Amino acid sequence: MTDKIFETLECPICGAAFSLNESGKSIVCAGVRHHCWDIASGGFVNFSGSHGGDSKEAVAARRHFLSLGFYEPLARRIKELLGELAPGVSVCDAGCGEGYYSSAIASGGHSVFGFDLSRPAVAAAAKRKLPDSFFSVAGINAMPVRDCSFGGLVNIFAPCFEDEFSRVLRHGGIMILAGAGAKHLYELKAAIYDEPTENTERADLPTDLSLIGREELKYSFTLEDREDIRALFAMTPYYYRTSFSDAGRLASLDRLGVTADFEIYVYRKD
Ligand SMILES: C[S@@+](CC[C@H](N)C(=O)[O-])C[C@H]1O[C@@H](n2cnc3c(N)ncnc32)[C@H](O)[C@@H]1O
């Protein structure tokens, strides 16, 4: 654990600063009650008592699918935007999942602080051993970090909490939000549902941060393996909402052409 990590974190209970305890296996706060959290063997800290966020199966599916590289254009664009607008800053990856985008951001020379409610996701992210980075299990609506800690924040396919994101961003800081555009994965939905619909604009977009850019990133790709199709399906919200018989239609496909349609919003905290 580096000085930068200790300068950034604060106790989620009393707000006091942390230091490493004598054993080196936990962090302890300087408050009167000395709140203490263990450092897991993977090097991350679990600040959450709950078992929320993505399941082990969803994390494994996302990890499998992302490793195929079909979303690499999105990772590249996010890295480029941060390189242009916020070079060299510490970046918060709010809802980091298994760290696929954190990894791209770190390769651009940023230190990354990743937060996610899913323990298996954070364990997988920490395993990436990204330089100068730190991952923890925590709700992104109340992150255990000091005000104005980050020059950049990314929120990719995860819920947006504007007040909290604004709190942890410093003035002039950049926030990049990425999610599904209208046609994202339309063919996957068409393979499952009789009447597929396009995605509507998300309802949780920031209203107080300044919108300085909005772009669409759209392209097609083809999956040629049942296991890859299953992994894509299992990492989407449709997986949990689809009947057994509808899911069966997808399971019989050996090939699926899909549209990737990402909406990217760039905000600045003035
Ligand atoms: C669709 S996944 C996206 C993960 C990653 N950003 C990516 O695109 O690969 C959404 C992630 O948000 C996490 N999540 C959802 N609600 C959360 C919350 N309130 N606090 C922290 N993480 C949350 C889930 O556990 C999951 O890992």
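Remember, predicted model here, so these are calculated numbers, not experimental data.

Here's the deal with the domain arrangement of the chain
Entries for the chain in the domain assignment read domain 1 (1-39) and domain 2 (41-268). Measuring from the centre of the C-alpha atoms in domain 1 to the corresponding centre in domain 2 gives 28 Å. Between domain 1 and domain 2, the contact holds 16 residues from the first and 18 residues from the second. Overall, the association of domain 1 and domain 2 removes approximately 1,400 Å² of surface from exposure, summing both partners, and the carbon and sulfur fraction of that is 62%. Between the two partners, domain 1 and domain 2, sit one salt bridge. Remark: the boundary between domain 1 and domain 2 carries five residue pairs in polar contact (both at pLDDT 80 or more).

A few points about the packing of helix α2 (residues 56-67) against helix α8 (residues 226-234)
Between α2 and α8, whose axes approach to 8 Å, the crossing angle comes to 125°. Classified by the interaxial angle, the pair formed by α2 and α8 is oblique. Seen along the crossing, α2 lies across α8 with a hand that is left-handed. The segment α2 lies against α8, with Ala58, Ala61, His64 and Phe65 engaging Glu227, Asp228, Ala231, Leu232 and Ala234. Of the residues belonging to the contact of α2 with α8, the class tally is six nonpolar, one polar and two charged.

With respect to the side chain of Asp116
Relative to the assigned elements, Asp116 resides in strand β6 (residues 112-116). Buried and unpaired, Asp116 has Arg62 as its nearest opposite-charge partner, separated by 7.1 Å. Dropping the residues within four chain positions of it, Asp116 is found in contact with Gly95, Cys96, Gly97, Ala121, Val122, Ser136, Val137 and Ala138.

Re the site of the ligand
The ligand sits among 19 residues. The nearest are Asp54, Gly95, Asp116, Ile140 and Ile156. Note that a nitrogen atom of the ligand is positioned 2.7 Å from one of the backbone N or O atoms of Gly95. Protein burial of the ligand: of its 590 Å² of free accessible surface, 87% is covered by the chains. Partitioning the shell around the ligand into residue classes produces eleven nonpolar, five polar and three charged.

What about the packing of aromatic side chains?
Each aromatic ring pair is described using two quantities: the centre-to-centre distance and the angle formed by the ring planes. As enumerated under the stated definition, the model contains 19 aromatic pairs in all. Look at Phe65 and Tyr71: their rings are 4.9 Å apart centre to centre, the planes differ by 80°, and that puts the pair in the edge-to-face class. The residues Phe65 and Tyr71 share a single accessibility class, namely buried. For the pair Tyr265 and Tyr267, a centre-to-centre distance of 6.5 Å together with 25° between the ring planes defines the contact as stacked. Here the two residues Tyr265 and Tyr267 agree in accessibility, since each one is buried. Ring-pair connections join several aromatic residues into one group, and the members of that group are Phe65, Phe70, Tyr71, Phe157, Tyr219, Phe221 and Phe262. For Lys183, the ring lying beneath its charged end belongs to Tyr186, and the centroid distance is 4.7 Å.

The rules behind each value
- Residues numbered from 1 in each chain as written.
- Predicted model: local features only at pLDDT ≥ 70, side-chain atom pairs only at ≥ 80, totals over all residues.
- Heavy atoms only, no water.
- Domains from an automatic or database assignment.
- Contact = heavy atoms within 4.5 Å.
- Buried area = accessible area lost by both parts, 1.4 Å probe.
- Salt bridge = Lys/Arg side-chain N within 4 Å of Asp/Glu carboxyl O.
- Polar contact = N/O pair within 3.5 Å; in protein donor to acceptor, adjacent residues only side chain to side chain.
- Axes fitted to C-alpha atoms, helices over the stretch in contact; angles between N-to-C directions.
- Helix = DSSP H or I, 4+ residues; strand = E, 2+ residues; numbered from the N terminus.
- Parallel < 35°, antiparallel > 145°, perpendicular 65-115°, else oblique.
- Left-handed = near helix turned anticlockwise from the far one by under 90°.
- Nonpolar A, V, L, I, M, F, W, Y, C, P; charged D, E, K, R; others polar.
- Buried < 20%, exposed > 50% of the residue type's maximum accessible area, 1.4 Å probe, protein only.
- Lys, Arg positive; Asp, Glu negative; His and termini not counted.
- Near = heavy atom within 4 Å.
- Areas by Shrake-Rupley, 256 points an atom, 1.4 Å probe, with all protein chains shown as cover.
- Phe/Tyr/Trp six-rings, centres within 6.5 Å; stacked < 30°, edge-to-face > 60°.
- Lys NZ or Arg CZ within 6 Å of the ring centre and 35° of its normal.

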